[in-house]
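Here's the letter readout for the chains.
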Amino acid sequence: MTESTAARHPRRSSKRTSGSDGGSAAATAAPETPGAPAKKAAARKTPAKKAPAKKAAAKKTAAPAKKTAPAKKAKPARTAKTAKAAAKTAEAAGKAPVGSRPLPQGDGADASELVQLLTPEGERVEHPEYAVDPSPEELRALYRDMVLTRRFDAEAVTLQRQGELGLWPSLLGQEAAQVGSGRATREDDYVFPTYREHGVAWCRGVDPTLLLGMFRGVNNGGWDPNSNNFQLYTIVIGSQTLHATGYAMGVAKDGADSAVVAYFGDGASSQGDVAEAFTFAAVYNAPVVFFCQNNQWAISEPTERQTRVPLYRRAAGYGFPGVRVDGNDVLAVLAVTRKALEHARSGQGPMLIEAYTYRMGAHTTSDDPTRYRRDDERAAWEAKDPILRLRTLLERENLADEAYFAGLDEESDALAKRVRESIRTMADPDPMAIFENIYADGHSVVDEERTQYAAYQASFADSADFADEAGAAAGKGH
Amino acid sequence: MAVEKMALAKAITASLRTAMEDDAKVLVIGEDVGKLGGVFRVTDGLQKDFGEDRVIDSPLAESGIVGTAIGLALRGYRPVVEIQFDGFVFPAYDQIVTQLAKMHARALGTVKLPVVIRIPYGGGIGAVEHHSESPEALFAHVAGLKCVSPSTPGDAYWMLQQAIHSDDPVIFFEPKRRYWDKGEVNTSAIPGPLHEARVAREGTDLTLAAYGPMVKTCLEVAAAAAEEGTSLEVLDLRSMSPIDFDAVQRSVEKTGRLVVVHEAPVFYGSGGEIAARITERCFYHLEAPVLRVGGFHAPYPPARLEEEYLPNLDRVLDAVDRALAY
Ligand SMILES: Cc1ncc(C[n+]2csc(CCOP(=O)(O)OP(=O)(O)O)c2C)c(N)n1
Ligand SMILES: [Mg+2]
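Residues numbered from 1 in each chain as written. Chains lettered and ligands numbered in written order. Predicted model: local features only at pLDDT ≥ 70, side-chain atom pairs only at ≥ 80, totals over all residues. Heavy atoms only, no water.

**Student:** Give me the lowdown on the coordination of the magnesium ion (ligand 2), citing residues and values where you can.
**Tutor:** Residues and elements named next belong to chain A. The protein atoms that coordinate the magnesium ion (ligand 2) are Asp266 (OD), Asn295 (OD1) and Trp297 (O), at distances of 2.1 to 2.2 Å. All donors to the magnesium ion (ligand 2) come from one chain, and their sequence spacing reads D-x28-N-x1-W. Here Asn295 lies in the loop between strand E4 (288–294) and strand E5 (297–298) and Asp266 lies in the loop between strand E3 (260–265) and helix H9 (272–284), a separation of 29 residues in the sequence. As far as the burial class goes, Asp266 and Asn295 line up, both buried. (Donors = N, O, S within 2.8 Å, 3.2 Å for Na, K, Ca; no water. Helix = DSSP H or I, 4+ residues; strand = E, 2+ residues; numbered from the N terminus. Buried < 20%, exposed > 50% of the residue type's maximum accessible area, 1.4 Å probe, protein only.)

**Student:** Any details on the nonpolar core? Residues and values, ideally.
**Tutor:** If you look at the biggest cluster of nonpolar residues, it comprises 159 residues, and the most contacted ones within it are Leu390(A), Ile96(B) and Ile117(B). The biggest single contributor to this core is helix H11 (residues 330–345) of chain A, with ten residues. Grouped together as the second largest cluster of nonpolar side chains are 24 residues, Leu206(B), Leu232(B), Leu313(B) and Leu324(B) included. (Core = buried A, V, L, I, M, F, W, Y, C linked by side-chain atoms within 4.5 Å.)

**Student:** Any details on the sheet that holds strand E4 (residues 78–82) of chain B? Residues and values, ideally.
**Tutor:** All names here are of chain B. Ordered by their spatial adjacency, seven strands build an open sheet running E3-E2-E4-E5-E7-E6-E12, and the pairing between neighbours is mixed. Strands at the two margins of the open sheet, each flanked by one partner only, are strand E3 (55–57) and strand E12 (239–241). Strand-to-strand twist across the sheet, computed as the mean angle between neighbouring axes with direction ignored, equals 20 degrees. Relative to strand E5 (residues 116–121), E4 is paired through three bridges, and the arrangement is parallel. (Pairing = 2+ DSSP bridges. Axes fitted to C-alpha atoms, helices over the stretch in contact; angles between N-to-C directions.)

**Student:** Would you mind going over the pattern of salt bridges in detail, with residue names and values included?
**Tutor:** Scanning the model with the defined rule gives 42 salt bridges over all chains in all. In this structure, the salt-bridge partner of Asp413(A) is Arg151(A), at a minimum N-O distance of 2.9 Å. Of this pair, Asp413(A) sits in helix H14 (residues 402–424) while Arg151(A) is found in helix H4 (residues 136–161), placing the two residues 262 residues apart along the sequence. A relative accessible area of 41% places Asp413(A) in the partly exposed class. Put simply, Asp155(B), Arg198(B), Asp236(B) and Arg238(B) are held in one network by salt bridges that share partners. (Salt bridge = Lys/Arg side-chain N within 4 Å of Asp/Glu carboxyl O.)

**Student:** Quick one: what's the story with the site of ligand 1, residue by residue and with numbers?
**Tutor:** As a structural note, the neighbourhood of ligand 1 is formed by 21 residues, with Tyr195(A), Arg196(A), Ile235(A), Gly267(A) and Glu62(B) the closest of them. Around ligand 1 the close residues trace back to chains A and B. Ile235(A) has a polar backbone atom sitting 2.8 Å from a nitrogen atom of ligand 1. Residue Ile237(A) places a main-chain N or O atom 3.1 Å away from a nitrogen atom belonging to ligand 1. (Near = heavy atom within 4 Å. Polar contact = N/O pair within 3.5 Å; in protein donor to acceptor, adjacent residues only side chain to side chain.)

That is the geometry; function is a separate question.
And the structure:
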C-alpha cells in the first residue's frame, strides 16, 4: 500500500472551500450534542493538478465466459400512501384509545422521608439517625469546595459558549450532593462517576482542567483513574454501576475495608445495568454505595417517567437499606454518605442513597429546557440553593468573616483564570494517536493501518512530519 | 403538499406524521421524543398532535424500549422507536439480535415484527464519544434484520414510509450530519423499492459505492475527479441489508473498478462483503481489486481527530488513484 508514497501530491480537499465533511458540522449539531469545537482549519495546499492516472489496460483479457444479465426485478408492490381504511382508524385515534388507563402523579413520598440537617433557611436541625458535628473549619471547607466547584463549572459553561469546549454538562445546583458525598469518601475508597460529577472529582483531588479534555474533544477520558481512585466519566447511562459493584466485590475478596461509590442519575435508575448492579451488590454483599442524584430530570423527562415510587425505596426490594437525603444540604449528604460507607466497610453490604436535588441548568450546553419545563419550578429550587444556606449559617453564627469570603472570591477568580489558560494551551492530539493504546498487547491490523495511514499522510506535499512517522510506524509493525 | 424542499430531518418528521395519520397502529417511542421532540427535533410537534399515547417518552432504557416494542408489535402495533444516538443502541442489542431478528422464523412465519428502529448515526458533528459511531455492520450481520440508510430528504421520507409498512424489523440508520441538508421531497411520487440502489451520478471510469452520509462525500469526490478528467459513477446503495448487488454489478461491468466508502471501520465492514461478492460476480470485468475507504480498527477518536478518521475527499481520491493505477 505504498502507491500513495510514490508520488507526493497536494491535498485536493482544498478545492472544497466549505469542507466536504466538517462544513456542516455546526449546522448539524444536535441540541444534545456539541457543535465541533472550533478547529484550526488545516492549511490545505492549492492543488497542483496531478494528471489522473491513465486508465490502465485491462489486465484480465478474457471476456466474461458466461455473463448472466442481471435479472430484471419484478417491481414489488408500490407503497401506497393511503389506505382509506387506515384513515378511518386514524380518526378514531384522535380520541383516547379504549382501555387507556390514567397514570398516577408524583412518587408518593412525603417530606418526613427526607433526611435534612440544614434547612434552606440555614437552620441546623436534628435527625434521629444521622448527625454530623463539623468544626467551623470543616464548615468553611465544605463551603469553599462548593463555591470553587460552582465557579469551575460556570467557567466551563463560558468556555463552551466561546467555542473552546464542544459541550459541557453543568452541575449547577448539585454542589452539595457532590461535595457532601465526595468529602465523605476516604482516600482508599473508589468512585465511579457519570459525566456530571465535577464536584466529586474536585473532592477526590482530580485536577479540574483534566475534566475538560473530553468535552473539548482532545481525548475520550483523559486521566488515570487510579491516581485519585476516580474512574473515568461514563457517558453510556448506568454502565458504571456494575463496574463499581465488581470493584467492590474485589475489595471484599481482598479483605480490605475500603468502600466504593457508584454515582448515577434518576434517569439511569431505569437502566437494566443499574437493576443488575443492585442485584449483584445485594447477593454478594458488596461494599458499594449507590449514590443517585435525583435532579428531577433526565434531559426532558421528569422523574415520574422513570419511577412510581421514591427511588430510594427500590433498595428494599433488593434487600438493602435506602435513604432519601436533601441533596441540597451538604451536611445531611455528608452524614448519610459517611454512614453508608461505614455500613459498607463493616461488611454489611450495599446501600442506596437518593440525593433529592435539582438540575438548575440545562441538561448540557446543547439543551434548551424552555421546551419542557417551567421557569417557576427553577425559581422554587433557587430558594433551596445549597451554597446559600451554608453561607447563611456561616454568617449568622459568625463562623466566617468578610475577609474569609473576600479571600474565597479571589481564590475563585484564580481558579477560573487557571482553567481558561489551561484550555487555551491544550494541544490538539497528534492524528497518529488514533492508533495508540487500542490494545495492551498490540494488534497486527492496527499496525498495518497505522503504517498505511502514515504513508498516506506522507504522500502529501505539505506533510513533512508524516514522512518521519511513516518510517517509524513501518518499523513498528509486527 | 406534493413537492417541497426540506431538510432531511424534517423529511423524517413529515414521514412519521404521514405514517401516524394513515395508521393508528403506528407509535413513536423513545427517550425525549415527546415535548422535546427528540434531541435532533425529528419528532418535533408529533406528541402535540398525536397525544402522549402515540408519541411516547420512554423510561431511560434501550433494552426496555426495544423489548416492549416487540411486545407491542405482537399485539398488532407498528412501533417506530428512536434510539437517541448510535452508541446507545447496545443496551438493546440483545433484544434486537436474539429476539427481534429471530421471532418470525421461530414462529414458523406465523408472527410478524413490524418494528422500525431509527438510529441517528455517523460522525462529523464534533460530538463526545458514543455519539458518532457507525454500527451498521453489527446489524447487517444478523439474519432477520433489514438495514437501510437514506442519503437525501426524498429518500428519508419515502424509505421511512416503506420501512414502517414493512412486516420485517428494519434498522433505519439516519445520517445525522446530513440532517439539515435540504432537498426535494415529493410526497405524492411513487417510490422505487426500498432495497434498490440508485445511480446518484453516472460515470465511466470507476464506481464509488456508498450509503447514508458518504453519498454526499462521494458526489463531491466525483465532482473533483471530473475536473481532473476522471469520470466516476456514484452508486447510492440505500440498503445495507439486503444489498442491491445487481446494481453494483451493472455499474462495475461498465466501469471495471469499484471503491466502497463508508464511515464504519473497514475491518469486517460492509465494504468487505461488497468486495467479495462483486469480485465473484465481476471477476473478468474488474481492472483493479475492489478497494475500501472507511474507519480504522480503532475506537471512534475524539472530536478533534475525527476529520482524520472519517473518509474525506482526499482519502477517497487516494483510493480512486490507486484503483486507476492498476
Ligand atoms: C445508554 C444511553 N442512552 C441514552 C443516553 C443519552 N442521555 C445522556 S444523559 C441522558 C439523561 C440522563 O439522565 P439522568 O440519569 O437523570 O442523569 P442527569 O443527566 O440528570 O445527571 C440521556 C438520555 C446515554 N448517554 N446513554
Ligand atoms: Mg437526572
